[in-house]
Each structure stands twice: as C-alpha cells, then as structure tokens.
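Remarks on the overall topology
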Amino acid sequence: MAEDLYRRSGGMIGSLSQLIRGAALLAIEDGTEQITRDHLELVPLDYAAQTSTSPARRSAKAV
C-alpha cells in the first residue's frame, strides 16, 4: 500500500498522518480494527495533498 499512500498524500507527511489516522478511526468504528484500502478511500484528502506537486503528479502532467 506504500505507493497508494504516497500517491494519495502527495508525499506530504502531515497529509499522510491525517489519512492514516482517519482510516484507523473508521476501522475502529466498523469493528474490523484493520486499515483497508476501502477505509483509505473513504478518508477525504486535505488541502495540502490535493494541491501538492509530487514527482509522480508532475510527470503525469508533463505527458
């Protein structure tokens, strides 16, 4: 999941922290107590992640 986490967080450590924390809360609430891709997809991205220009996003824009 490392690549997915990096892509979703835009490489921003604060965004990554919020993403994992949000997914962990969802996992606790639904009783699974394991973070899944579905949990991660349910967590909205913060402003920094949405506007980041990570190397992966720059190369995608250049194509």
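What comes next is a walk through the structure. (Residues numbered from 1 in each chain as written. Predicted model: local features only at pLDDT ≥ 70, side-chain atom pairs only at ≥ 80, totals over all residues. Heavy atoms only, no water.)

Within the protein chain, the secondary structure is distributed over five helices and zero strands. The N-to-C order of helical and strand elements in the protein chain reads α-α-α-α-α. A total of 63 residues make up the protein chain; the buried ones form 24% of that total. Across the protein chain, the fraction of contacts at a sequence separation of at least 24, relative to all contacts at a separation of at least 6, is 53%. As displayed, the protein chain offers around 4,500 Å² of accessible surface, 58% of which is attributable to carbon and sulfur atoms. (Helix = DSSP H or I, 4+ residues; strand = E, 2+ residues; numbered from the N terminus. Buried < 20%, exposed > 50% of the residue type's maximum accessible area, 1.4 Å probe, protein only. Contact = heavy atoms within 4.5 Å. Areas by Shrake-Rupley, 256 points an atom, 1.4 Å probe, with all protein chains shown as cover.)

A few words now on the environment of R7. Looking at the secondary structure, you find R7 in helix 1 (residues 2-9). A relative accessible area of 44% means that R7 is categorised as partly exposed. Through-space distance from the C-alpha of R7 to that of A49 is 8.8 Å; in sequence the pair is 42 residues apart.

This model, assessed by the stated rule, comprises two salt bridges. The salt bridge partner of D4 is R7, with a shortest N-O separation of 3.8 Å. Taken together, the residues span about one helical turn, with D4 and R7 both in helix 1 at a distance of three residues. Across the salt bridge formed by D4 and R37, the nearest N and O atoms sit 2.9 Å from each other. One end of the pair, D4, is in helix 1; the other, R37, is in helix 3 (residues 37-42), and 33 residues separate them in sequence. One continuous salt-bridge network, built from bridges that share partners, spans D4, R7 and R37. (Salt bridge = Lys/Arg side-chain N within 4 Å of Asp/Glu carboxyl O.)

Here the focus is helix 2 (residues 13-29). Compared with the 24 Å implied by 1.5 Å per residue over 17 residues, the 24 Å span of helix 2 between its first and last C-alpha is a close match. By the burial criterion, the buried members of helix 2 are S15, L19, G22, A23 and A27. The arc enclosing the buried residues of helix 2, seen along the axis, measures out at 140 degrees, which places them on a common side. In helix 2, the exposed positions that point more than 90 degrees away from the buried face belong to I13, R21, I28 and E29. (Expected span 1.5 Å × (residues − 1). Arc of directions from axis to C-beta.)

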